[in-house]
Protein chains: 2
Amino acid sequence: MTTIKNEDTIVALATPAGVGAIAVIRVSGPKAIETVDKIFKGRKKLSEASTHTVHYGTIVTGEGELIDDVLVSVFRKPNSYTGEDSVEISTHGSPLITQKIIELLLSENLRIAEPGEFTKRAFLNNRIDLTQAEAVVDVINARTEASLRGSRNQLDGLLSQKVKQLREMLINTSSFVELELDFAEEDIEFVNKDELIKRIDDVINEIDKLLSTYSFGRVIREGVNVALVGKPNVGKSSLLNYILKESRAIVSEIPGTTRDVIREEVSIDGILFKLYDTAGIRASEDVIEKEGVSRSREAVKISDVVLLIGDVEQKFSDDLEEELKTLTGSNHIIKVLNKIDLKKESGIDADVKVSAITGEGIEELFRIMKAKAIGSESYTEKTAVVSNIRHYDCLKRAKESLQIAKESTEGGMSGEFIAVDLRRAEDSLAEIIGEVTTDDILNNIFSKFCIGK
Amino acid sequence: MTTIKNEDTIVALATPAGVGAIAVIRVSGPKAIETVDKIFKGRKKLSEASTHTVHYGTIVTGEGELIDDVLVSVFRKPNSYTGEDSVEISTHGSPLITQKIIELLLSENLRIAEPGEFTKRAFLNNRIDLTQAEAVVDVINARTEASLRGSRNQLDGLLSQKVKQLREMLINTSSFVELELDFAEEDIEFVNKDELIKRIDDVINEIDKLLSTYSFGRVIREGVNVALVGKPNVGKSSLLNYILKESRAIVSEIPGTTRDVIREEVSIDGILFKLYDTAGIRASEDVIEKEGVSRSREAVKISDVVLLIGDVEQKFSDDLEEELKTLTGSNHIIKVLNKIDLKKESGIDADVKVSAITGEGIEELFRIMKAKAIGSESYTEKTAVVSNIRHYDCLKRAKESLQIAKESTEGGMSGEFIAVDLRRAEDSLAEIIGEVTTDDILNNIFSKFCIGK
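The shown structure was predicted, so the numbers you read here are calculated from the model rather than taken from an experiment.

Along chain A, the regular secondary structure elements total 15 helices and 14 strands. By the burial criterion, 54% of the 453 residues in chain A qualify as buried. Within chain A, contacts between residues separated by at least 24 positions form 66% of all contacts whose residues are at least 6 apart in sequence. Just so you have it, chain A exposes about 20,800 Å², and 48% of that area is on carbon and sulfur atoms.

Right, here's the structure in full:
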């Protein structure tokens, strides 16, 4: 298990930085209520307040200077987000005021919360499990309806429930093997071999089902990379512009994504598509152009979908198509024939025929893009979906251990060997929900949070 | 009085836009509680909740889709910010989530709040007066300790109290005149002339005291414009850099301030100084340079303080000084002799001698800048200070009416004339605190607010 160091009382601004109508400062830990009481003047002491009540009053320094009038909400353990005594101070939305109040609290021996520490404490105090904690940051960062729904699904515990159910199945199977171990010295016939294999297979099948949701889960969580490739003058830019106009363009900036290939983000049916307008991927002697080509190649390599664009006047380039296939695999390519407004019957074969002028065929293009991106499977809101690579890795390791256990069983190996691998599988599953974890795993997860969550 | 149209129930995001740990949506109006109840699923109905209580639950669409788990605070009239039934919904800090919840509420016939509408309702419901409402936006936008303190002072009602006290004095004086009016036809001797003049003078004196705080009030609210002017190579830039290092540089961006003259903002003893590094104000034939000169001149004109910088090697330019005097008036100029690290005794006269290398004299420069900016008067935290030009205008109009009333009295005019001007003065004072107001005044004030406040 992990080190619990939540004897500290922590404080952080919980609302986005900047000027607004109100701001909220969060305090959590054993001394939360008594510390805020030191700087809060209201009709009654917070220490006498019931949980889940709101109190009007003022924040005043030791020297009697009034900082702000505030609303203070009191939450008593275990009925708070963190599971600890907590206080939320709602102030006028001025960075100066929140800074002064936080400084005051720091001078009363509170410390600034680490990123994600409130949620980490919620996890350490068993308010939520690890997949739910991870979902918190995904919910906050969700930028499309689909990703929000996916993260909510995880926050609501659908994945946890499924993983717990698989662990249950494994524990029952283990007890089978352990029963056998207990009687091993008595040389009892290994009657349960087939039954054991069947049970292991059942869990493997369930894990496979979960693993198969990952491509969908990843897509709704992270979006779909789409590269637009084609010879000059086939209307790549017009097509991009039409898509931006028709779909719901997402304007928010993503920190850390600066690449020279033009990238636009759009939401089509709630799914995030990241469109890369590539300069071209053909070999060139020109140095600057070479650089462009190498960037375009990179864009194609990371793409989930490649739009190979041609037009009614010129055939698709076979060379280009071949190169794309080696870069990304043929099943990711959509051949888009543009400019059908100019000539209805070109006799050129394509997956979809469009006009970036009239918009004809664009809906069909969207449908094909979506199908390529998320596959044919559809998941209901009640299906557990894996969208996090950590969970995917844990599940894969669990499956590997189970396959070894199965082979050992088939090979008539002793129960001790089988038991070890079953336990490994169990541990891998436990890691997903955080019942087995390390400081490194936790730090890695919570460092991705913002401060105040 | 003004049109009250707060039968609507309004909603707005109250925390700054963007991603954060939590976001708060504010709802206020007669249907606030019942409307949120329609989309909130908790342990009990909010309609059954007591005021100032917090409730954990989920926001769910009509189709049963879970949007987020939330904390909902209930405030019952008149004990809320607006004086109406109000609800605050604390969600995960995702723009998508807050947008969806606000959309849900809009579909339940709420409408988006206008800028400042929550505070406007607080004013219309007599929770605060107009100077306090105006202070709310100043508190939020305050960028230095001093401006925050000044706005708090006003929010706490110090100016209102003073204005109410002056109105009280005027009402007593009016009753004096009206008494006289009642007996006018009985041709009673106008015995109270001196007494009346004395009373009017008393109010004028008090108004003068308030008016005299305006230069201080404006400085702490808006900051001090400082232009740095001097011949090339006197060390203007080094001095600017030293000041930035020594004072507390303010990093936040101010929207809408793009000018080519370099502007830096620093806080010295809690007062905001806006430093303009001018290219030079001397005439030039070069077109581009001319443009720079004209910008520099503008910077000097709007300056409250001009630092005329010279160095120990070269005398201050008399021409430059003359030009500055015509642009800004001599009492705004501080002559700063730089580079005293090179030569201690230069024999050149200056207001302050400094070294931008060793820092010698900089503290003294700060002291002089502060004295020039806010004058010699010092105000305690309990002094009412006028910092808003609207208040200043109202006070000036009140004073003008009183001066007319005084002249009429001295001139032996009939009481009816005097009464009219006394009533005008009263109205001007009432306008400050909003007891007399118009839609235009209110719209002008509240349009400066952000939405959600």
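Another point: a nonpolar patch on the surface. All names here are of chain A. A cluster of nonpolar side chains, namely L106, I112 and I451, defines an oily patch on the protein surface of about 220 Å² accessible area. Position of L106 relative to the elements: it lies in helix 2 (residues 95-107). Note on L106: relative accessible area 31%, which makes it partly exposed.

Quick look at the relation of the copies chain A and chain B now. Superposition of chain A onto chain B requires a rotation of 180° combined with a translation of 0.1 Å along the rotation axis, giving an RMSD of 0.2 Å. These values place the two chain copies in the arrangement generated by a two-fold rotation axis. Of the C-alpha atoms belonging to chain A, the one lying closest to the rotation axis is found on T53(A), 2.2 Å away. Both copies share a contact surface, since 100% of the interface residues of chain A are interface residues in chain B too.

Attention now moves to unusual backbone geometry. Omega for the bond connecting K77(A) with P78(A) falls within 30 degrees of zero, at 0°, which places this linkage in the cis form. Looking at where P78(A) falls in the secondary structure, it is placed in the loop between strand 5 (66-75) and strand 6 (86-92). The backbone of N109(B) sits at a positive phi, close to 75°, despite the residue not being glycine. As for its position among the elements, N109(B) is in the loop between helix 2 (95-107) and strand 7 (111-112).

Residues and elements named next belong to chain A. Strand 8 (residues 224-230) sits mainly inside the fold: seven of its seven residues count as buried. Neither face of strand 8 is exposed, since V224, V226, L228 and G230 on one face and N225, A227 and V229 on the opposite face are all buried. Pairing of strand 8 with strand 11 (residues 271-277), which is carried by five bridges, proceeds in the parallel orientation. Looking at strand 11, one finds that V226 is bridged to L275. Direction of pairing for strand 8 relative to strand 12 (residues 305-311): parallel, over a ladder of five bridges. Of the residues in strand 12, the one forming a bridge with A227 is V306.

Throughout the structure, instances matching the rule amount to four aromatic pairs over all chains. Taking the centre distance of 5.2 Å and the plane angle of 40° together, the rings of F446(B) and F449(B) count as tilted. Both residues of the pair, F446(B) and F449(B), count as buried. Its guanidinium or amino end placed over the ring of F118(A), R26(A) lies 5.3 Å from that ring's centre, counting from NZ or CZ.

Moving on, we come to helix 1 (residues 32-39) of chain A. Residues and elements named next belong to chain A. Counted residue by residue, helix 1 has six buried out of eight residues, so it is predominantly covered. Three or more residues of helix 1 are buried, namely A32, I33, T35, V36, D37 and I39. For helix 1, the elements touching its buried residues are strand 2 (22-28), strand 3 (40-42), strand 4 (53-60), strand 5, strand 6 and helix 2.

An α-helix turns once every 3.6 residues. As a result, residues three or four positions apart point the same way. Here helix 14 (residues 415-433) of chain A contains 19 residues, and its C-alpha end-to-end distance of 27 Å stays within 8% of the 27 Å for a straight helix at 1.5 Å per residue. At the exit of helix 14 of chain A stands G434(A), carrying a positive phi of roughly 90°.

What follows is about the pairing of strand 12 (residues 305-311) of chain B. Residue and element names in this part refer to chain B. Summarising burial for strand 12: seven of the seven residues are buried, a large majority. Side chains of strand 12 alternate between two faces, with V305, L307, I309 and D311 and V306, L308 and G310 buried alike. In terms of strand pairing, strand 12 meets strand 13 (residues 333-338) through six bridges, oriented parallel. Looking at strand 13, one finds that L308 is bridged to K335. Assessed by its sense of winding, the connection that carries the chain from strand 12 through helix 11 (residues 318-328) to strand 13 is right-handed.

As assigned here, chain A comprises domain 1 (10-127), domain 2 (135-213 + 384-434) and domain 3 (222-374). The C-alpha-based centres of domain 1 of chain A and domain 2 of chain A are spaced at 42 Å.

Turning our attention to the side chain of H391(B). Looking at the secondary structure, you find H391(B) in helix 13 (residues 389-410). If we skip the residues at most four places from it in the chain, H391(B) touches T131(B), E134(B), Q154(B), L159(B), V386(B) and I432(B).

Here we come to the interface of chain A and chain B. With 49 residues of chain A in contact, the opposing surface of chain B contributes 49 residues. Carbon and sulfur atoms supply 61% of the area that chain A and chain B bury against each other, a total of about 3,800 Å² over both sides. Looking at the side of chain A facing chain B, the largest losses of area belong to P16(A), I22(A) and L96(A), adding up to 16% of the total buried there. Counting across the chain A and chain B interface gives eight salt bridges. We note a salt bridge from D69(A) to R152(B), for which the minimum N-O separation is 2.9 Å. Put simply, chain A and chain B have 16 residue pairs in polar contact (both at pLDDT 80 or more) between them. Counting residues per element, the ones that place at least two in the side of chain A that touches chain B are strand 2, strand 4, strand 5, strand 6, helix 2, helix 4 (130-141) and helix 5 (145-155) of chain A. Examining the composition of the side of chain A that touches chain B, we find that seven residues originate from one element, strand 5 of chain A, more than from any other. Residues of the side of chain A that touches chain B, tallied by class, amount to 22 nonpolar, 13 polar and 14 charged.

Opposite charge on two side chains permits pairing when their charged atoms draw close. Under the criterion given, the structure shown has 72 salt bridges over all chains. A salt bridge links K325(A) to E321(A), with the nearest nitrogen and oxygen atoms 3.8 Å apart. With K325(A) and E321(A) both in helix 11 (residues 318-328) and four residues apart, this pair spans about one turn of that helix. For K325(A), a relative accessible area of 33% puts it in the partly exposed group. Under the relative-accessibility criterion, E321(A) is labelled buried at 12%. Measuring nitrogen to oxygen at the nearest pair gives 2.5 Å for the salt bridge that ties D8(B) to R111(B). You can see D8(B) sitting in the segment before strand 1 (10-13) and its partner R111(B) sitting in strand 7, a full 103 residues away along the chain. Among the charged side chains, a network of salt bridges with common partners joins D8(A), E84(A), R111(A), E117(A) and R121(A).

Procedures and definitions
Residues numbered from 1 in each chain as written. Chains lettered and ligands numbered in written order. Predicted model: local features only at pLDDT ≥ 70, side-chain atom pairs only at ≥ 80, totals over all residues. Heavy atoms only, no water. Helix = DSSP H or I, 4+ residues; strand = E, 2+ residues; numbered from the N terminus. Buried < 20%, exposed > 50% of the residue type's maximum accessible area, 1.4 Å probe, protein only. Contact = heavy atoms within 4.5 Å. Areas by Shrake-Rupley, 256 points an atom, 1.4 Å probe, with all protein chains shown as cover. Patch = residues over 30% accessible without salt bridge, like charges linked within 9 Å, V, L, I, M, F, W, Y side chains within 5 Å. Salt bridge = Lys/Arg side-chain N within 4 Å of Asp/Glu carboxyl O. Least-squares fit on C-alpha atoms with pLDDT ≥ 70 in both. Pairing = 2+ DSSP bridges. Phe/Tyr/Trp six-rings, centres within 6.5 Å; stacked < 30°, edge-to-face > 60°. Lys NZ or Arg CZ within 6 Å of the ring centre and 35° of its normal. Expected span 1.5 Å × (residues − 1). Right-handed = clockwise from strand over helix to strand, strands pointing away. Domains from an automatic or database assignment. Buried area = accessible area lost by both parts, 1.4 Å probe. Polar contact = N/O pair within 3.5 Å; in protein donor to acceptor, adjacent residues only side chain to side chain. Nonpolar A, V, L, I, M, F, W, Y, C, P; charged D, E, K, R; others polar.

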